[in-house]
Structure formats: C-alpha cells, structure tokens
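Fold and geometry: a report
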Amino acid sequence: MKILVAVKRVIDANIKVRVRHDGSGVETANVKMAMNPFCEIAVEEAVRMAEEGIADEVVLVSAGPGPAKETLRTGLAMGADRAIHIVTEETLEPLAVAKLLAAVAAREDPGMILLGKQAIDDDCNQTGQMLAALLGWSQGTFASKITIDGDTITVTREVDDGLETVALTRPAVVTTDLRLNEPRYATLPNIMKAKKKSIDPLTPDELGVDITPRLEVLRVTDPPAREAGIKLDTAAELVDKLVNEAGVL
Amino acid sequence: MAVLVIAQHANAALAPASLATITCALEIGAKGGGEVTVVVAGRDCRAAADEAAALDGVAKVLISDHGMYENASAEALAALIEPLAVDYGHILYPATTYGKNAAPRLAALVDSQQVSDIQAVIDAETFVRPIYAGNALATVRSKDAVKVITVRATAFEKAAPGGTPARVEDLAPAAADGLSRFVGAEHSASARPELTSARVVISGGRGMQSGDNFALLEEIADQLGAAVGASRAAVDAGFVPNDFQVGQTGKIVAPELYIAVGISGAIQHLAGMKDSKVIVAINKDEDAPIFQVADYGIVGDLFEVLPQLKAALAAAKQG
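Computed from a predicted model, the values in this text were never measured in an experiment. (Residues numbered from 1 in each chain as written. Chains lettered and ligands numbered in written order. Predicted model: local features only at pLDDT ≥ 70, side-chain atom pairs only at ≥ 80, totals over all residues. Heavy atoms only, no water.)

1. Focus: the side chain of B:Ser203
Residues and elements named next belong to chain B.
- Structurally, Ser-203 is set in strand S12 (residues 200–204).
- In this structure Ser-203 comes out as buried when scored by relative accessible area, which is 0%.
- Contact partners of Ser-203, with chain neighbours within four places excluded, come to Leu-217, Gly-229, Ala-230, Val-246, Tyr-258, Ile-259, Ala-260, Val-261 and Ile-263. (Helix = DSSP H or I, 4+ residues; strand = E, 2+ residues; numbered from the N terminus. Buried < 20%, exposed > 50% of the residue type's maximum accessible area, 1.4 Å probe, protein only. Contact = heavy atoms within 4.5 Å.)

Laid out in structure tokens, this is it:
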C-alpha cells in the first residue's frame, strides 16, 4: 500500500508569535519555521508502517512557497521515500489545500492519506475531513492508534469523552492526534540520504485547482491581556480571597 | 435565508456546547442571518429534539431518528445535511470533537471555506476566531453562499427555554455509504461535572508526578463540585486519559474558577483556560509562566499545599 502524507511548514511551536502592528497578520520574517508537530506525527506513523512492511511507499506532499521544500526534506530524512512540492506564493486555505491534495491523490492512488489533525498556525482542523469528503472516502480523525488488516483501517480516535474506535474501508483519510506516536529525530546519515531523494514540483494550475482564497482577513489583533495577580503564602489565605474577594466559592 | 445548527446531544439531552452554539446562531440570525433551525440526528433522540424545540428563539427542529446517526458518523451526518444546505446561509456546529470531525466534511461538499472556532459575531458574514493557540485573534469575512462555522462554546451563553415551542419535523435519513463502521467506545465514567461545563476546574500537570497523585486533586474537586483536568504533559506521561486534557488541542474551558496545580503554563495549555474568570496557580517554580495569568498564586510544593488547601476548604465550609 502506498501512503500519502501531507505536511505543512509553520512557525516553530516553541516561538511566541508576535502580531504585526498594522494588524495584517503575525510576524513571519526572520522567524524560525518547522514542520507542523501533528504532521511530524503523521510522517512518523507512515514511516513506521513502511518499516513494518505495511506500506511499500511513503510519499510526502506539501503546498506552499519555496521553503516548503525544507520541510519536505525533513520528512524525507525521517524516512519517507519521495516528495511532491506544490509550489505557490498564494495564501492557502484548508479547502484549497484539500482540493490540491485530492488532485494529487487522483494521480498517486494511495491506500491511505495521513495528515496532522490541525496546523498550529491557523488552528483550523479542517483539511483531512475536507479531503475525505472531496474523494468520497471515509475519515478517521484525531487518531491515537491505527491498525491495518487487509482492506480495513481501524482507527482509535481521541474524542471529548474518551476514546472511540471506527473501522474504515480502504482507501481512507486519517488525521493524527498527539498520542499516536513520538516522532523520531532524523539521524545524520538519513539527512544525507534525504538529499538524494526526489522532490517533484507541481503547480496548482497543473493540478487544475483554483486556490483563490475565500476568506478575507480584515485584521489580526492581540488577545486581551491578562494581568498577573498576587502571590499568597498559605492555602488559608487563598481560600479567604476566593470567598471574600473573588466571590467564586 | 436561515441559520441551521447541527446539535450534538446524548439522546436524552442536548450537549451544553449545542446550547452555546444555538445562542451564537440566534445572534447571527438577529444580525441578518434569519430564523434558526436545529437538526437533531441520532437514535431515540426525541427528547433532545423536544429540548431544542423548547429553547427561546428556535423556529424549527428537524429530527432524523435512525440507527445510522447513533454514533455521530461524520460521513452519515454530512450526507444528511448536504441536501439541506441550499436553504441556509449559515450552518453551525459546536467546536467539540463532534463538530470538528463533522463540519469540514460538509463544508467541502458544499464548496465552502469553513470558519473554525468562532468566539464573536461582528455581523452575519464577519467573525472573530483565535489563531496561533489564541495568541492572536483574526477577524475574518466569509462571502461563501453557505457559511459553515464551528462555535467556541465558552464564548457564548447557553440558550434557555422560553417562548412558544418550535415545531418538530421529521427529516428523512440519507442513503448510507457504508465506508465507515463504528466499532466501540471507551468513555471515561465520572460522577464529577463535565470538564467543559463545570463551574470549577482543578487541573494537574507534570508536577503531579504520577496518576495516583491525582487523587489529591480529586479530593479537592469533590469538596468544590469541580471537574478534574490535566495539562498535555500529564496526559502524555500517562497520568490520566486524553479526555482530561485542557489546551489548544484538548478542551477549551472557561470556568468561574480554574486551579492549575503543578502546571508550568505552556502556551498551548494557556490557550485552553485563559478565559477562566479566576485563575489560581500552585507551583514550586516562582518563574513558571502560569503565574503571569493567575489572579492568585502560591509558590510551594504542591504535596504540602494541597493538603492545606483541603483543610482550609473544609474549615471555610464549616465556618
């Protein structure tokens, strides 16, 4: 089975983002970028499936400007076989990305497409579900466990009231949650090997997809600030404040 | 046009997040969106549909009572809702795992760029939503003919009963695609209030050191009628199950009182609780970022502070 994995380049999770003064967005110039953490988990899962002989090829896809290639290279160093870079300078919304991925899936014919459940920049949590809808495939979102048995993909999902298990008929789209696995760090020999793996460029036009944004971002602002309060010495003082000052007990 | 709400429910009752979503729908409706219709799809879900019909401002309820909808399959739900979309300018889901799973599938089918997790309605096409784990707020305008939206439940009051009950109409089930089959669920059973709707939440982090030590939090939770939550670090370490997680990718909570114990306050945790009315932090590291958002803090060893807190709460109750 071939596995397609979609990855996104985002501001590194450890960076505290700053809102631009003109309200046009957050500052991305000279900011450290990295693979979206949920996408890393998706790559790791696919690579493990290849190592276990469940997958025979792991193909990465990313859409975005030139540097998205670095993110693909990271995934190749983790163990993916080859990559597709959909090159565009346009702002991409989840629906457009889902359409691009659907077009790639039509060419590649994978048995499963793995994605992170959400990107930590726009926090949309949409692309995988949209992709499944466009392809008419079933979906297993927020996966904490994936097992494959013949044509059945069994996914344990992290839901608000615990865990839920669904059985999907292949091909299917699965999105990853935090507890699925712990992604590996690429080793130096694998980083070297990744340099020789192919990254094929494609454009939205070649895929026949209109990526024109639908949403207009009017402004981006800082959230209301919360001020640090006071430090107390004892639990008794705390209870007194909660009862008499805050009135919440 | 009109506003459609896809209600999450537990058959006998609507989920609290659905009540907040209905309030959001009524606000959009009042700002030009039109009447509000609520869809209740499930098995033996008549009680939830009647509850929706009794809510003040709801114009109509559509019930689809069929085994296909028993387990909230996104595939089945999208197939049910898609034919309705032509009559509605807005389709809203709660931003719970139920809505997050189901809404984008419908959005793609109706060629709409969904607006996720809105926390304010500016007008019928303009909404405010958090990005970057709540470190920025984006105001976005959607011109899509059908606006598919998920709603952050903590940002809206819960809809209340009132007025003339709405009519409840049957909605015929859609054909099943059979692509996905529900196998089973492991729901955490707890007598405590549900995390996202509790008035008080007490959460533990890595500082708790073990799952067993969460008993210290549970004792205090029972004194306060509180729910117990956790940071991602505590869940990743296996102290407690995933459904305890409060944060950007876990649950968003905004209780009257949030008590963070042994939680450093990583950005992604703050994203899930910083809209709480009063925040208390107990941590031995006085430089922990959690103190920057806490109204009251105690710098100290939680294993000493928690028993003292328990005693102080007991004393306050008696006094």
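2. Digging into the nonpolar core
- Core analysis: the biggest nonpolar cluster contains 56 residues, and B:Ile6, B:Val39, B:Ile81, B:Ile91 and B:Tyr93 have the highest contact counts within it.
- Not counting residues up to four positions away in its chain, the partners in contact with B:Ile91 are B:Leu4, B:Ile6, B:Ile81, B:Ala85, B:Leu106, B:Val146, B:Lys147, B:Val148 and B:Ile149.
- A:Val26, B:Val36, B:Ala136 and B:Ala138 belong to the second largest nonpolar core, which has 44 residues in total. (Core = buried A, V, L, I, M, F, W, Y, C linked by side-chain atoms within 4.5 Å.)

3. Some thoughts on the interface of chain B and chain A
- Counting residues at the interface gives 83 residues for chain B and 75 residues for chain A.
- Contact between chain B and chain A buries roughly 6,700 Å² in total, counting both sides, with carbon and sulfur atoms accounting for 54%.
- As a salt-bridge pair, A:Glu216 and B:Arg141 come within 3.4 Å of each other at their nearest N and O atoms.
- Where chain B touches chain A, the interface holds 48 residue pairs in polar contact (both at pLDDT 80 or more).
- Considering only residue class, the side of chain B that touches chain A consists of 36 nonpolar, 26 polar and 21 charged.
- Alignment of strand S12 (residues 215–221) of chain A against strand S8 (residues 136–142) of chain B, held across six bridges, turns out to be antiparallel. (Buried area = accessible area lost by both parts, 1.4 Å probe. Salt bridge = Lys/Arg side-chain N within 4 Å of Asp/Glu carboxyl O. Polar contact = N/O pair within 3.5 Å; in protein donor to acceptor, adjacent residues only side chain to side chain. Nonpolar A, V, L, I, M, F, W, Y, C, P; charged D, E, K, R; others polar. Pairing = 2+ DSSP bridges.)

4. So, the packing of aromatic side chains
- Across all of its chains, the model carries one aromatic pair over all chains by this definition.
- Seen from the ring of A:Phe142, A:Lys117 lies directly overhead, with NZ or CZ sitting 5.7 Å from the centre.
- Sitting over the ring of B:Phe291, A:Lys231 keeps its end group 4.7 Å from the ring centre. (Phe/Tyr/Trp six-rings, centres within 6.5 Å; stacked < 30°, edge-to-face > 60°. Lys NZ or Arg CZ within 6 Å of the ring centre and 35° of its normal.)

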